[in-house]
Amino acid sequence: MGSAGKNKVSPWIWVPTLYFAEGIPYFIVNNISVTMFTRMGVPNGEMALFTSLLYLPWTIKPLWSPFIDIMETKRWWILAMQVLMSVCFVLLTLSLPHPAASVIAAKSTPVSLFTLTLLLFIITAFASATHDIAADGFYMLANDERQQSFFVGIRSTFYRLSSIFGQGVLVFIAGSLEKSSGNIPLAWQITLGITAALFAVLTLYHTWALPRPAVDRAVSHADGKGGAAAVWTDFAHTWASFFRKRGVIVAIVFMLLYRLPEAFLLKMVNPFLLDPADKGGLALDTDMVGIVYGTIGVLALTVGGILGGIAASRWGLRKSLWPMAACMTLPCATFVYLSMALPHNLIVICTCVAVEQFGYGFGFTAYMLYMIHFSKGDYATAHYAICTAFMALSMMLPGMIAGYLQEAVGYELFFWIVIACCVATIVMTAKVRAELDKTE
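Residues numbered from 1 in each chain as written. Predicted model: local features only at pLDDT ≥ 70, side-chain atom pairs only at ≥ 80, totals over all residues. Heavy atoms only, no water.

### A short note on the overall build of the protein chain
Moving on, step 1. Of regular secondary structure, the protein chain possesses 16 helices and zero strands.
Moving on, step 2. Seen through its principal axes, the protein chain has C-alpha atoms that stretch 65 × 55 × 35 Å.
Moving on, step 3. Counting all 440 residues of the protein chain, 55% fall into the buried class.
Moving on, step 4. In the protein chain, once contacts between residues fewer than 6 apart in sequence are set aside, the share between residues at least 24 apart is 85%.
Moving on, step 5. For the protein chain, the accessible surface area stands at approximately 18000 Å², while carbon and sulfur atoms represent 70% of it.
Moving on, step 6. Positive and negative side-chain charges of the protein chain, numbering 27 and 24 respectively, have mean locations separated by a distance of 7 Å. (Helix = DSSP H or I, 4+ residues; strand = E, 2+ residues; numbered from the N terminus. Buried < 20%, exposed > 50% of the residue type's maximum accessible area, 1.4 Å probe, protein only. Contact = heavy atoms within 4.5 Å. Areas by Shrake-Rupley, 256 points an atom, 1.4 Å probe, with all protein chains shown as cover. Lys, Arg positive; Asp, Glu negative; His and termini not counted. Charge placed at Lys NZ, Arg CZ, Asp CG, Glu CD.)

### Observations regarding the environment of Phe272
Moving on, step 1. Secondary-structure assignment places Phe272 in helix 12 (residues 260-274).
Moving on, step 2. The exposure class of Phe272 is buried, given its relative accessible area of 0%.
Moving on, step 3. It is 8.3 Å that separates the C-alpha atoms of Phe272 and Ser339, two residues lying 67 residues apart in sequence.

### Overview of the layout of surface pockets
Moving on, step 1. In this structure, the second largest pocket spans a volume of roughly 320 Å³.
Moving on, step 2. Forming the walls of the second largest pocket are 19 residues, and the residues nearest its centre are Thr38, Arg39, Ile184, Leu274 and Pro276.
Moving on, step 3. Those elements that place two or more of their residues in the lining of the second largest pocket are helix 1 (11-39), helix 6 (101-105) and helix 8 (145-181).
Moving on, step 4. Grouping the amino acids of the lining of the second largest pocket by side-chain chemistry returns eight nonpolar, four polar and seven charged. (1 Å grid on protein atoms, 1.4 Å probe; cavity = no way out; pocket = protein on both sides within 12 Å on 5 of 7 lines; lining within 4 Å. Points joined across faces, edges and corners; volume = space filled by probe spheres on them. Nonpolar A, V, L, I, M, F, W, Y, C, P; charged D, E, K, R; others polar.)

### Things to note about the packing of helix 12 against helix 13 (residues 286-329)
Moving on, step 1. Taken N-terminus to C-terminus, the directions of helix 12 and helix 13 make an angle of 135°; their axes are 9 Å apart at the nearest point. Compared by their axis directions, helix 12 and helix 13 come out oblique. As for the relative orientation of helix 12 and helix 13, their crossing is right-handed in sense. The segment helix 12 lies against helix 13, with Leu266, Val269, Asn270, Leu273 and Leu274 engaging Thr286, Val289 and Tyr293.
Moving on, step 2. A class-by-class count of the residues in the contact of helix 12 with helix 13 yields six nonpolar, two polar and no charged. (Axes fitted to C-alpha atoms, helices over the stretch in contact; angles between N-to-C directions. Parallel < 35°, antiparallel > 145°, perpendicular 65-115°, else oblique. Left-handed = near helix turned anticlockwise from the far one by under 90°.)

### Observations concerning helix 13
Moving on, step 1. With 44 residues, helix 13 ought to run about 64 Å at 1.5 Å a step, yet its terminal C-alpha atoms sit only 27 Å apart, falling short of that.
Moving on, step 2. The sharpest bend along helix 13 measures roughly 120° and falls at Gly316. (Expected span 1.5 Å × (residues − 1). Bend = angle between axes of the 7 residues up to and from the residue.)

Next up, the structure:
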């Protein structure tokens, strides 16, 4: 499976940094962009629509994954995408617009001002999604089975650390610079510059650190045109076989609706934490959002996921579904409370965010288990990749309208609507449980 015998480079040299680098562009594009656009005064509707559209490459990445096998090595793809993303981060730093303070304060910054920024984010998103495919493939080629098992926890840990760095440290830096300079656009420009410098260093490091396993070959180079044609034939058959699986309609609807409350909530959490009280928000400073949501929230999410994995290993999928669906839905009520009470006490705010994120992390385990269960059989790896595309779509579509919905009804009613969406989670959990009862 791997080439450990010919490859003397220890996975400790490159696995942690590769997966740290994998996370940074993902969190910049999908999470930090939300905070940045909100602080730049872009209205919630346009902010949520365009930042949700940035999720598209991760939704459709199974469509071009065969190219990664057919053209060039996985190592080449990793380095090429890291160079491209480094260039994009530098260009983002140099081209970030500086709307007037009065426009930002009025929250009337036109999103058209960020056309170049969004274009660079889109390029970064496609490069990041491609990098994900190549990195996961390279991980399997460059490590033998024992190393793959040992380092799976290490790679997950460093990916989570990149989440804390992106949503916590970088947002805290931006917030601190906002306070010290009094210039919001300049603060974010410097923060993006720090990101660009760090990512460029990681890219240079990987040109040296990544091993060159003998089995890392392009199909077209290794097997000729017949090999490439076989990949495409296999690709088409994989998709066709996925849609012929028993219970596929219920499975797809479950994958689209199980996380519906969180899909709406996730896009509006940072704007709610940042917006002033007269707009229904909690009026936190940017650096505090980096601590409350980007650090404490992410840690709670991680702990919830770890405990969810332990619970699922003992209960199994069938017994896990209802407790985890409850944990996915009930903690959403914490944001109803926050929007009604508008507390100033940071401990109360941190506790509510931590409870909600812990519940999401714990409840998400059942979703992942179900995708693994549904993918079993021939083409299990490819079918799981298709499931992750539906998983990405389940977050993208609600996120696109979340901002406009919040603007129309205000934060308090918006969070009540999120609670109402929990019905979809409950209904689809019941459907899936019934399907599992038929097969067991």
